[in-house]
Each structure stands twice: as C-alpha cells, then as structure tokens.
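As a plain string of letters, each chain reads:
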Amino acid sequence: MEISFHNNMFSLLLLLLPSLSFSPSAWAACNAVDKEALLGFKRTITADPSRLLQSWISSTDCCTSWKGVACNSVGRVVNVTRSGLVSDDDDLLDTFMNGTLSPSLGNLSYLQLLDLSNLKNLNGPIPLEFGKLRRLTHLFLNSNQLTGSIPATFKHLSRLERLFLNNNHISGIIPFSVIGSLTALTELGLSENQLRGSIPATIGKLVLLTKLDLHANNLSGSLPTTIGKLKSLKYLDLSQNTIKGSIPKSIRGLSALVLLDLNQNQITGSIPSSISGLISLQFCRISENKLTGSLPPSIGYLPSIQRLILENNKLTGKLPATMGHLVTLTELFLSNNRITSKIPSSFSNLQSLQTLDLSRNHLSGELPTELAKLQNLQTLDLSFNPLGLVSIPKWFAKLKLFRLMLAKTGIRGSLPRWLSSTSISTLDLSANALTGKLPPWIGNMTSLSLLNLSNNGLHSSIPAEFKNLRRLMDLDLHSNKFSGNLDTIFSKGTDDPIGHYNSIDLSDNMFAGPINDSVLQSSARDSITSLVLSYNLLKGSIPKSIGKLTELRILKVVSNGLSGKIPVELGDAMGLTTILLSRNNLMGSIPGKVINLNELKEFDVSHNQLRGEIPPHKAIIPVSSFIGNPGLCGAPLPPCERS
C-alpha cells in the first residue's frame, strides 16, 4: 500500500510548460554562457541511447533548435526539461541517460525549471554550483542514481517551490539551514534515499508546504513539534524510517492534512487527543510502530476519515463508542494490538465501512446484532480474539460479505448451512472446534477462492460436490480427521483464468490411497506453488507428474507410506526450494538432478530405505536430512566403502 505523490511528475510538467514557454517571434539568440553551460552538461553524459540530447549541437541556436530548452525574450535559458518520461503521440516513452551532473549547469543564472528526472542512470553528486540558480522555482532530479549529500548551497534557492530528489542514493543529513531557507517551497520529495539524522525543526518555517514526502530513508529522532505550524500541509509521508518518540500534540495544527503516513517507524506513546484537529484527514496510517495506551475518544471526531490503519502496535483499552461517529470510514484496521472488551454497538453507524479488521486482540463478549446494518461491509476479520462465539451468529447471513475470517473465536459444532447461499470468496474458520462432516452443500459456495478449515475436528471424505468450487485457489484442511482419497480435491474444475490452485495443505489427516498421477496433470494444478500432504496414510509411489508442476516451490510429503523411487522427473520442477520426503518407505538412490535444483534450500529424505552414494550437491544440507537410511553414504554422511 504505497501512498505517495512523487509519481505524478509528468502530469505536473504538462501543467507547468505552458507558463514557461515563449513564442518563437520573441526569441533572441541563445546567450553564449547558457549555451556553453548546456554543452558542458552534454559532455558529462557518457551514453544517450534515447538521443535526448541529439539536437544539442553547438552550431545551432539552443533557444530555437534544442529540444527540451526554452528561453526568455532576451535569449536566456529559463527551462531545461530532459526527463526520462517523455510524451509521444499520447504515449509515455521510458528513456534513460548515463553520466553525471555537470557543475556548468550552475551558470544558467536565469533558469527557473530544471527537470532531469527519471533518467535512471545519472550518477555522482549534485554539484554545489546548483546553489547559484537563484531564480530556480522547480528542481526535479528524482529517479536517478545520484549520490552524496544535499548541497548546503541549496540554502540560496529562496525561490524554489518544488524540489524532488526522491528515489536516488543521497545520504547524509537533511541540512537544517537549507530547510529553513526554502520558505517558498510547496512540495518537497526526498523519499527512497539513504538520509539519516533527525527531521529539522526548521521544517516549521515552510508554511506554504502542501506535500512532504520523506518515506523510505534512515531518519531517526523524534517528530519536531514545529510540524504543527504547517497549516497548508495536505500530504505527509514519513513511513519506513526509524523515527522515535511520541506524536506531538501540535499535530492539531495540521487542519488541511489529507494524508498522514507514519507506517513502519518506532513511534511510542499514545495517540494524542489533539488528533481531532485533523479535520481534513482522509487517510491515516500509523501501523507497525510501538504505540501504547487507549484510543482517545477524540479519534471519533475526524469528519473526513476514510481509511484508519493502526495495526501492529501495542494499543490497549476499549474501543471508544465515539468511533461510531466516523460515518465516512471505509476501512478500519486495528489488528495485532491488545484492545479489550466488547465491540461497541455504535459501530453499526459506520454505514460506509467496507473492511473491518479487529483480529489478534483481546476482544470478548457478545457481538452486537446491530452490526447487521453494515450492508457495505465486504471484509470482516475477528480472528484470534477470545470471543467465545460457540456458533457463527445467524445475523451474519444478512451481511453481504466477500471475506469472513473467524479463526480461533470459539466456534463449535457443524458448519452453518446458511453459508451455502452466500457469495463469500475467503472463508477462514481455522483453529476452532468444528466437528461433523464436510457437507455436500459446500459445493454451492461457488465464489470461494480461499477455504481454511484447518485445526478443527472435521471428519469424513471430501464430498463429490467439492468439484464445483471452480474458483478455489487456496485450500487448507490440515489437522482434522478427513479420510478417503485425494482425487476429488485434485480434479476439481476451474473458471479460467481463475481457479488454479496456489496452495494445498492437507497434512495431519487420515487421507489414504495413492496419489493419482493423472489427476495431478489437470489444469487446476498447473500454477500450484505449495503442496503439503504430510502425516496421512498415503501409499504408492511419488507421481512423476509432480515434475510438471512448473510453479511448485514447496513439496512436503512427510510420514506417509510412500514407496518406490524418488522420481528423477521431480527435478523438472525447477523452482522447488523445499523437498521434505522423510519417514516413508522410499527406495533406490537420490537422483542428482533433484538434489541439485538451483533454488533448493531445504531437503530431507531421512528415515527411508534409500541406498547408494549421495550425489555431490551445492545446497548446504545437514546430516539429519539423510539419517535413517542404512544404505546411504557419502557427504555429509561417512564416505562410501570402495570394493
């Protein structure tokens, strides 16, 4: 979920160019100093395969003949635009250039706009001479390979309105003196660099700033209290840093703020009650931090909020009833905190809510029936809460859910039949106490793409109607008491292009019989990445057709009754990273093609009846992966005896 504004540069330039171009009749000949400054830059370019500078020829006039150059009426260069994203008949062409930034560009004393963004391979430092461009209002150097620090000479660019250096390799600190001097700035993008140190307190002087993006750096220290002075700020993204300390109370001053992203930092303390001052806030993400304390009741007074993401913190206390005032809210993520008590009945007022994720907390008590009013709700996740549901409330049938996750919520007994008439796509009822058979009506749930019934007490074979789940892609039935053969599961149909399995986990059951070679060759299996069949009662040999599963990464068939040889065809599944075949009755030798798969990280064939020398292999495989095979020898086991 990457929220940023630095990808809209091309649209911005289309808006800017009309105001920065001049009619040909008004042009004077290109100033000699400016022409030499541009040619100096061209000389530092070592590769220009897109021919962006092809028209820059010394014998022609830079104002009239050079692409990407605009001049004023007296022949002074005011605009240099050679971006790696260029328009060609309504299409965007992605181009690039190799080389460095020449200090000679600093001689363009009338320059207002410099755009060398998205050239991908511009490297080296930003010249100190850029500080001489005192008329500069727009500087775009983003999406290159620039190194070094932000020049201290930038403090002289007092007219600068937009500065984008994001997506480079710029390091060092953000200079306090520079930030405090750029008082005309409206947009500042320094994200995706290697900047360290604190956010300068002088940021508070940039009262015209509307967008501030510093995400994905190594910034530390605390949020400066002066940030509350940025009355015009609409977008603030400080995510993916190591910012510490608490959220300052001065945040109440950001009344124009639309987006606040502090995700993936080390922010501590509680959410200040002054957050209610963010009356324009639509997107708020402060997830993956170390927030503590209760949610303040004032959080219910954010009149424009649409997405509130506070997951993966250490929040405690009750959910404030005032949150029922957030009638514009569409998504609420509070997963993986320590929130207690009941879900307030006032949540029924959240009529715009589409996603409610309260999983992995300490919620208890009866669910309010008023939640049935949430007719726009598509995703409901209450998993891993001590709710003691006993059964899924019948009023859930009134909801129009696509995704329902109630793992480890105390559900008992059989699956409720009303599920058969829903359009649920994701159903996770794992880690409960479900019993009984998997009912034939499961085949009516034709919208299912993910089904997780693992860690329950379900038994019976898989009903024939299971084949109707033509959209099912992820199936997890592990740790139950299912029996019978696997053919029904493997031979289900598909609704192309969906319905091809991604993952199957049937481990810890009582499935029996052979793994049918022919059913593994049907189209529903051609994209499977993980196949886990361990701890069942399977017999027969490992199907050769597993080698045709070209997307397979994980194969686990531990502790069954498999016999025969390890098929050499298994080596055709070249993406395999994990092969676990221990505790079976496999015979013969280990195929070199299998143990030498390029991606192999984990391999275990212990406790079988394998014989012969272990083939030389590149992967680091411990002795424990081969023990229990008296006929095996060779590294990492003792060497084979030579006759």
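The rules behind these values
- Residues numbered from 1 in each chain as written.
- Predicted model: local features only at pLDDT ≥ 70, side-chain atom pairs only at ≥ 80, totals over all residues.
- Heavy atoms only, no water.
- UniProt positions renumbered as here; feature names shortened; annotations may be inferred.
- Helix = DSSP H or I, 4+ residues; strand = E, 2+ residues; numbered from the N terminus.
- Expected span 1.5 Å × (residues − 1).
- Contact = heavy atoms within 4.5 Å.
- Polar contact = N/O pair within 3.5 Å; in protein donor to acceptor, adjacent residues only side chain to side chain.
- Pairing = 2+ DSSP bridges.
- Buried < 20%, exposed > 50% of the residue type's maximum accessible area, 1.4 Å probe, protein only.

In the annotation of an unreviewed UniProt entry, the entry for the protein reads Leucine-rich repeat-containing N-terminal plant-type domain-containing protein, and the organism field reads Gossypium mustelinum. Turning to the protein, the UniProt annotation filed under Subcellular location (unreviewed entry) states: "Membrane".

Overview of the UniProt feature "domain: Leucine-rich repeat-containing N-terminal plant-type" (unreviewed entry) in the protein
When the UniProt feature table is mapped onto this chain numbering, "domain: Leucine-rich repeat-containing N-terminal plant-type" (unreviewed entry) sits at residues 34-72. End C-alpha atoms of residues 34-72 are separated by 12 Å, and the span's content is 26% helix alongside 15% strand.

Comments concerning helix 2 (residues 32-43)
Counted at 1.5 Å a residue, the expected span for helix 2 with its twelve residues is 16 Å, and the 16 Å between its end C-alpha atoms agrees. In this structure, the buried residues of helix 2 make contact with strand 1 (45-47), strand 2 (69-71), strand 3 (77-81) and strand 6 (97-100). A distance of 2.8 Å separates the backbone nitrogen of V33 from a side-chain oxygen at the start of helix 2, and that oxygen is part of N31.

A word on the sheet that holds strand 31 (residues 457-460)
Strand-to-strand pairing in sheets goes through backbone hydrogen bonds, with the strands running parallel or antiparallel. Read from one edge to the other, the open sheet built from six strands follows the order 27-29-31-33-35-37, with strand pairing classed as parallel. Two strands lie at the open edges of the sheet, namely strand 27 (412-413) and strand 37 (537-539), each paired on one side alone. Relative to strand 33 (residues 481-484), strand 31 is paired through two bridges, and the arrangement is parallel. Looking at the pairing, H459 lines up with K481 of strand 33.

Considering unusual backbone geometry
A cis amide bond links D496 to the next residue, P497, at an omega of 10 degrees. For P497, the position within the fold is in the loop between helix 4 (487-490) and strand 34 (503-505). In the segment running from A635 into P636, the intervening peptide bond is cis, with an omega of 10 degrees. On the secondary structure map, P636 appears in the segment after strand 43 (631-633). Within the chain, S479 stands out as a residue other than glycine whose phi angle is a positive 60 degrees. Turning to its location among the elements, S479 is positioned in the loop between strand 32 (474-476) and strand 33. Overall, the relative accessible area of 21% leaves S479 in the partly exposed class.

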